[in-house]
Every structure is written in structure tokens, then in C-alpha cells.
Amino acid sequence: MMNQTRSTHQDDHGSTVYLTLVVLVATLGGLLFGYDTAVISGAIGFLQQHFELDAATKGWAASSALVGCFAGVTFAGELNDRLGRRFALLISASLFLVSAIGTALPETLTQFIIFRAIGGLGVGIASMTSPMYIAEISPARIRGRMVSLNQFAIIFGMLVVYFVNYFIVGQGDEAWNTSTGWRWMFGSEAIPALLLLGLMLVVPESPRFLFKQGNQEKARRILQRIDGETHADREIAEIKATMDEETGSITQLLQPGMRIVLVIAILLAVLQQITGINVFLYYAPEILKSMAGAETDVALLQTVLVGAVNLVFTVLAIWIVDKVGRKPLMIIGAAGMGICLTAIGLSVSAGAVSGWLLIFMLGYIACFAMSVGPVTWVILSEIFPTKIRGRALAIATFFLWFSNFVVSQTFPMMDEHPWLVEKFNHGFPFFVYAAFCLVLVVVMFCFVPETKGRTLEELERMWLERR
């Protein structure tokens with residue numbers, strides 16, 4: 001009788017440990033996302049010397065992976081909707097592995113660009129698939145926290161590669177790093193890529209995708225194992241109710257109730273990027289060297305500090321996102337980012353940088369990490385209907401990566417433009433990014449509803465009722 005009671009209790013409540021393990025495997029996609037995008041920060045200076053790059057080609061070397069990113073999300077939605085979230089992450093892991101090997105061995109800049117773009121394809125797929133998979137497998141009461149774990153993994157991947165870059169630079173002098181060290185930086189990505197490739201073979205498919213494919217019983221078993229029988233019954237009923245009303249066509253996004261969702265999602269995706277985050281993630285060592293006069297090893301060590309602050313405040317966001325809510329965090333964080341960017345612009349323009357540059361940079365990173373970084377992905381993973389979530393999220397993520405590409409490509413050009421340098425002494429880009437922080441505050445305050453604590457199906461009905 002005792003064993004039967006224990007079994008019934010477990011069935012009713014499910015296994016948080018099982019859910020956490022599954023989510024952690026999925027977040028390896030996020031870790032590789034962070035690793036792949038941030039590895040360029042330590043290598044870009046050596047690449048510039050090795051391939052003799054000017055400002056435009058330096059921006060192209062840094063942003064070329066992003067071409068792959070928005071190419072990847074173009075077909076990633078179809079891939080997710082037709083073949084499943086699990087299969088999409090397996091493909092992503094394979095692309096990361098090919099890119100890691102290819103970017104470690106190029107003889108020409110063109111070869112390097114091609115393999116960076118292949119890695120970008122993996123990033124594009126993982127950037128939309130990991131949070132979507134986690135959102136679909138997690139109960140509503142902890143969904144924000146679970147999805148935010150993916151952002152934690154992204155930041156952790158960045159921090160790891162900052163340490164890796166710092167370690168590799170210490171293995172030789174400037175000449176060795178220019179010829180060989182940067183190759184080891186890119187090649188090191190093969191290790192987490194192999195880990196994701198192996199572990200994705202043992203995790204389940206998204207229950208919502210299984211239900212969509214007609215495999216209701218398997219979907220129920222997964223939901224029951226995650227959070228118990230009551231949760232499984234409720235989720236199956238809500239999934240069925242919303243799917244009965246869905247056409248499954250991308251044209252559903254053009255319906256009156258859904259058009260506003262798509263516009264909001266695109267705005268949030270674009271504003272997450274054009275508020276300047278990847279300037280610091282991709283160019284932090286170069287900024288610290290050129291504007292604050294730091295040596296290469298010191299600049300890389302300070303970049304580790306940037307990654308550590310990013311990680312700590314991302315943990316804070318994970319802890320409070322389901323308590324405070326999405327909307328307050330986004331508004332407070334975007335306002336703080338704007339203040340720090342303005343301070344950076346003013347201090348750089350006045351030539352009074354030194355330690356202040358690092359302090360304001362860390363303040364900006366802290367505000368982003370506790371708000372706009374993780375919460376944007378939470379909102380994007382929540383607001384679309386189940387049947388078209390893959391395609392819809394792909395559209396939003398496409399705009400996100402395209403915006404990232406524009407910012408990454410144009411920053412060196414603005415930073416080194418003679419007229420802008422004469423007028424603003426390298427401070428101009430930061431004023432631009434600060435202005436977009438204000439736009440983000442307005443968008444969040446006026447147009448984005450709170451989604452905390454609502455099921456995915458409840459959110460869908462809310463939008464449809466606005467028609």
C-alpha cells in the first residue's frame with residue numbers, strides 16, 4: 001500500500017528533476033549560441049592583423065556569422081514545424097561542429113567567412129528552437145524561469161569562451177596569437193558541439209509537437225512525467241482546444257488578432273539588438289584597448305569580468321522573472337541601459353574614460369542581463385499559437401539576427417569614421433544605442449501586455465479576443 005501511495009503521489013506531481021535535466025540538455029543549444037557568437041571578441045584583433053583588415057572588412061569578419069543566423073531562422077521555422085524541435089537541435093549541433101573545425105583551419109578570409117556562416121546557421125536554429133522547446137515542455141508556473149535558463153546558458157557559454165580566449169592568449173606572444181592562437185579559439189567549440197549532439201539523442205520531443213503530429217498518448221506520458229497526471233490532463237485539453245481553432249497556416253499571423261502579436265514580436269526582437277548589446281559582446285576587448293588604453297591580456301581579463309556580471313544578473317533575472325513579471329523588468333532594465341550608454345558616450349566624448357568606461361559598461365551589461373536579454377526570449381516564446389509557433393518565431397528571430405548584423409557591421413564604421421571621431425571622439429555610437437533604449441521603454445509601456453503566469457493557450461485566446 002505504501003509503494004502504491006508513493007507511486008500515485010509521483011504520478012500526480014511528476015518529476016522536477018526530470019524536467020530540469022531535459023531543459024539543461026536543451027540549453028546546450030543556448031550555450032553554443034553564446035560560445036559561437038562571443039568567441040570572435042578575443043580573436044577579432046588577431047584576425048585583423050592576420051588578414052590585414054580595414055574597418056569594413058573587420059566588421060564583416062565579426063558579423064559574417066550573423067548572415068548564417070538569419071539564413072538559418074528562415075528555414076528553421078519550417079524545420080521545427082515539420083520535423084520537430086529535437087531534430088532541429090540535432091542539425092544545429094552538427095552545424096556547430098563543422099563550423100568549429102572549419103574556422104580553425106582557413107587559409108583565406110573567404111574560407112573563414114564561409115565556415116563562420118555555417119556556424120551562424122547553427123546559431124540561428126538554436127536561438128529560436130531552444131527557448132521554444134523549453135517553453136513547450138515546461139508548466140506555466142515555472143515557464144519563465146525555465147526559458148530564462150536558456151539565456152543563462154547563452155551567457156555561461158560567453159563567459160566560458162572569454163576564459164578560453166584569455167587562456168589561449170597566454171600560451172604565446174603576439175606573433176603566435178596572430179598566426180595560430182585565434183585558430184584554437186574557434187576550434188575549441190567542437191567540444192560543446194559534440195556534447196549537444198550526443199545528449200539530444202536521449203531527450204523527448206516537445207509534447208505539443210507530438211500532439212500536433214497525432215501522437216497524443218506519447219505527449220500525455222511526457223507531460224505526466226514532467227508535472228503529474230492533473231497537469232497532463234489540463235495541458236492536453238488546452239492544446240486540443242486551441243488546435244481545433246487553428247488553421248496551422250502562416251496566414252493566421254495576418255488575422256486581426258495576430259497581426260499585432262507579430263508586430264510586437266518583431267519590435268522586441270529588433271530593439272533587443274539595436275540597443276547595442278553585441279557591440280560589447282563582440283568588441284569589448286577592442287573597445288577597452290582603443291578607448292581605455294588596456295593591454296591585450298588586461299582587456300581580455302576585463303572582458304571576463306563583463307561575462308561574469310552578465311552571468312550573475314542573468315541568474316537574478318531567472319530568479320525574479322516569474323515573481324516580478326516580464327513588463328516591469330523590461331522597462332526598468334531598458335531605462336538603466338539607456339542611462340549607462342549615455343554616460344559612456346559622454347565620458348568617451350569628453351576623453352575622460354579610464355576606469356569609468358569599464359564601470360559604465362558593467363552597469364549596462366547588468367541592466368541588460370536582468371531584463372532585455374532573457375525576458376525578450378521569454379516573451380517571444382510565449383505569445384504565438386502552437387501550430388505556427390515555429391514559423392512565427394522564425395520571423396521574429398530573423399529580424400533579431402538581421403538587426404544584430406547591422407549593428408555589428410556598422411559599429412567599426414561609426415567608431416572609426418573621421419568626421420564622427422572629430423565631433424564625438426568615438427562616443428557617437430553609444431548615443432544612438434541609448435536613443436533606442438528609450439524607444440524600447442515606450443514600446444513596453446504602451447503595447448506589450450504582462451504574460452506572467454498565463455498558459456500558452458490563455459495567451460493565444462487573449463490575442464484572438466482582440467480582433
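Please refer to the structure higher up on the page.
Keep in mind that this is a model prediction, so the values were computed, not measured.

## With respect to helix α8 (residues 190-199)
Of all the positions in α8, only Ala-190, Pro-192, Ala-193 and Leu-196 are classed as buried. One side of α8 carries all its buried residues, which in axial view fall inside an arc of 165 degrees. Against the buried residues of α8 lie α2 (16-51), α4 (85-104) and α7 (174-187).

## Some remarks on the side chain of Ser-371
Note on placement: Ser-371 falls in the loop between α15 (355-369) and α16 (372-382). Ser-371 gets classed as buried once you look at its relative accessible area, which sits at 0%. With residues up to four places along the chain from it excluded, the contact list for Ser-371 reads Leu-329, Met-330, Gly-333, Ala-334 and Thr-376.

## As for the pattern of salt bridges
Taken as a whole and judged by the stated rule, the model has five salt bridges. Residues Asp-81 and Arg-85 are paired through a salt bridge, measuring 3.6 Å at the closest nitrogen-oxygen approach. Looking at Asp-81, the relative accessible area reads 4%, which means it is buried. One salt bridge connects Asp-81 with Lys-212, and the closest N-O pair in it is separated by 3.8 Å. Here Asp-81 is found in helix α3 (residues 55-83), whereas its partner Lys-212 is found in helix α9 (residues 207-212), with 131 residues between them in sequence.

## Observations concerning the nonpolar core
In this structure, Leu-268, Phe-280 and Trp-401 are the most contacted members of the largest nonpolar core, which totals 148 residues. In terms of residue count, the dominant contributor to this core is α2 (18 residues).

Conventions and cut-offs
Sequence order as written defines residue numbering, which begins from 1 separately in each chain. Whole-chain, interface and lining totals are the exception, using all residues; otherwise, since this is a predicted model, local features are given only for residues with pLDDT of at least 70 and side-chain atom pairs are given and counted only at 80 or more. Derived side-chain values reflect all non-hydrogen atoms in the structure, with water molecules and hydrogen atoms excluded from consideration. Each residue's exposure class comes from its accessible area (1.4 Å probe, protein chains only) as a fraction of the maximum for that residue type: buried when under 20%, exposed when over 50%, partly exposed otherwise. Per the convention used, a helix needs a DSSP run of H or I reaching at least four residues, while a strand needs a run of E reaching at least two, with both numbered from the N terminus. Working definition: the arc comes from the directions between the helix axis and the C-beta atoms, pointing outward to the latter. For this analysis, residues touch if any pair of their heavy atoms sits within 4.5 Å. We count a salt bridge whenever a side-chain nitrogen from Lys or Arg sits within 4 Å of a carboxyl oxygen from Asp or Glu. Only buried residues count toward a nonpolar core. Its members are Ala, Val, Leu, Ile, Met, Phe, Trp, Tyr and Cys residues joined through side-chain atoms within 4.5 Å.

Note that all results are geometric; they support no functional claim without further evidence.
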